[in-house]
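Each chain, written out:
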Amino acid sequence: MTRKILYTIPVLVLAAFLAVAHAQQRVSNNQNKTKMEHNTIKLTIEGGKTFTATLENNSSAQALTEQLANGDITVEMEDYANMEKVGSLGITLPRNDKPTTTGPGDLILYQGHNFVIYYDTNSWNFTRLGHIDNASQADLKAALGKGDVRVKLSLK
């Protein structure tokens, strides 16, 4: 009988170890799925045009996502220098500024509280938030129009 116990204990320990490892993998998979679900946002341009954007992996984009989990954010945007639309988020996000050259579709955080949609190029110290998916410069210019525009940000 002692021999049976000696053989049973390692089997039970191994079974417990495998159960814990499996549970940890499920938790990790769920966390990754949640992160992946929230690495995109939706931008709805006044007038009805909608774009999706893939977010960067930084504390600024994460903070934006956390804010959007509480509700949509509407940004009143104005044209600046025929290259971007810019407007205040009404909140301040952490900055991850570094020398950046933008292109059409780039989403930028400027000075921690300004949300910028680029439809042309620029270089400066910015925080990159993300990039609009599958939109050309012409698509962006047509959707954003000339002058001021209202853009609603929401989780996808």
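Visitor: Help me out: how do you make sense of the layout of surface pockets in this one?
Guide: Rolling a probe over the atoms, with the probe sized like a water molecule, indicates the empty space that remains. Taken as a whole, the second largest pocket holds about 170 Å³ of empty space. Lining the second largest pocket are Tyr80, Met83, Glu84, Val86, Tyr110, Val116, Tyr118, Asn122, Trp124 and Phe126. Counting only elements with at least two residues in the lining of the second largest pocket, the list comes to β4 (84–88), β7 (114–118) and β8 (122–132). Sort the elements by how many residues they give to the lining of the second largest pocket and β8 lands first, with three residues. Partitioned by chemical class, the residues of the lining of the second largest pocket number eight nonpolar, one polar and one charged.

Visitor: Just to check I follow, could you spell out the environment of asparagine 96 for this structure?
Guide: Assignment of secondary structure puts asparagine 96 in the loop between β4 and β5 (98–102). Take asparagine 96: its relative accessible area is 30%, and that puts it in the partly exposed class. Sequence separation between asparagine 96 and threonine 127 is 31 residues, and the spatial gap between their C-alpha atoms is 5.0 Å. A distance of 3.0 Å separates a polar atom in the side chain of asparagine 96 from a polar atom in the side chain of serine 59.

Visitor: Even after reading the chapter, I still don't get helix α2 (residues 59–69), so can you show me in this structure?
Guide: Looking at α2, one finds that the buried residues are Ser60, Ala61, Ala63, Leu64, Thr65 and Leu68. Next to the buried residues of α2 lie β1 (40–45), β2 (50–55), β3 (73–80), β6 (106–110), β8 and β9 (149–155). Measuring from the backbone nitrogen of serine 60 back to the side-chain oxygen at the start of α2 gives 3.1 Å, which picks out asparagine 58 as the cap.

Visitor: I keep staring at the pairing of β2 and nothing clicks. Help me out?
Guide: The two faces of a sheet get side chains in turn, since along a regular strand they alternate between them. Alternating residues of β2 divide into Phe51, Ala53 and Leu55, all buried, and Thr50, Thr52 and Thr54, none buried. Pairing of β1 with β2 involves five bridges; the strand directions are antiparallel. Bridge pairing links threonine 40 to threonine 54 in β2. Connecting β1 to the antiparallel partner β2 that follows it, the hairpin turn spans four residues, and glycine 47 within it adopts a positive phi of roughly 110 degrees. Here β2 pairs with β8 via three bridges, running antiparallel. Residue pairing across strands places leucine 55 opposite glycine 130, the latter belonging to β8.

Visitor: What's the story with the side chain of threonine 127 in this structure? I'm lost.
Guide: Looking at the secondary structure, you find threonine 127 in strand β8. Owing to a relative accessible area of 0%, threonine 127 belongs among the buried residues under this scheme. A polar contact is formed between the side chain of threonine 127 and the side chain of aspartate 97, at a distance of 2.6 Å. Residues contacting threonine 127, with those up to four places away along its chain left out, are Asn58, Ser60, Arg95, Asn96, Asp97, Leu107, Ile108 and Leu109.

Visitor: I keep staring at helix α3 (residues 137–144) and nothing clicks. Help me out?
Guide: In an α-helix there are 3.6 residues to a turn, and that puts residues three or four apart on one side. Buried residues of α3: Leu140, Ala143 and Leu144, and no others. Projection of α3 onto a plane perpendicular to its axis shows the buried side chains occupying an angular sector of 90 degrees, all on one side. Residues of α3 that are exposed and angled more than 90 degrees away from the buried face: Ala138 and Ala142. On the buried face of α3, the contacting elements are β1, β2, β4, β7, β8 and β9. In the stretch just after α3, glycine 145 is the one whose phi turns positive, near 70 degrees.

Visitor: What is the right way to look at the nonpolar core in this model?
Guide: One recurring pattern in soluble globular proteins: nonpolar side chains tend to sit buried together. Counting 29 residues, the largest nonpolar core has Leu43, Leu107, Phe115, Ile117 and Val151 as its most contacted members. The element that contributes the greatest number of residues to this core is α2, accounting for four residues. In this structure, leucine 107 is in contact with Ile41, Leu43, Ala53, Phe115, Val116, Ile117, Thr127, Arg128, Leu129, Gly130, His131 and Ile132, ignoring residues within four places of it in sequence. Membership of the second largest hydrophobic core comes to six residues, among which are Met83, Val86, Val116 and Tyr118.

Reading the values: the criteria
- Residues numbered from 1 in each chain as written.
- Predicted model: local features only at pLDDT ≥ 70, side-chain atom pairs only at ≥ 80, totals over all residues.
- Heavy atoms only, no water.
- 1 Å grid on protein atoms, 1.4 Å probe; cavity = no way out; pocket = protein on both sides within 12 Å on 5 of 7 lines; lining within 4 Å.
- Points joined across faces, edges and corners; volume = space filled by probe spheres on them.
- Helix = DSSP H or I, 4+ residues; strand = E, 2+ residues; numbered from the N terminus.
- Nonpolar A, V, L, I, M, F, W, Y, C, P; charged D, E, K, R; others polar.
- Buried < 20%, exposed > 50% of the residue type's maximum accessible area, 1.4 Å probe, protein only.
- Polar contact = N/O pair within 3.5 Å; in protein donor to acceptor, adjacent residues only side chain to side chain.
- Contact = heavy atoms within 4.5 Å.
- Pairing = 2+ DSSP bridges.
- Arc of directions from axis to C-beta.
- Core = buried A, V, L, I, M, F, W, Y, C linked by side-chain atoms within 4.5 Å.

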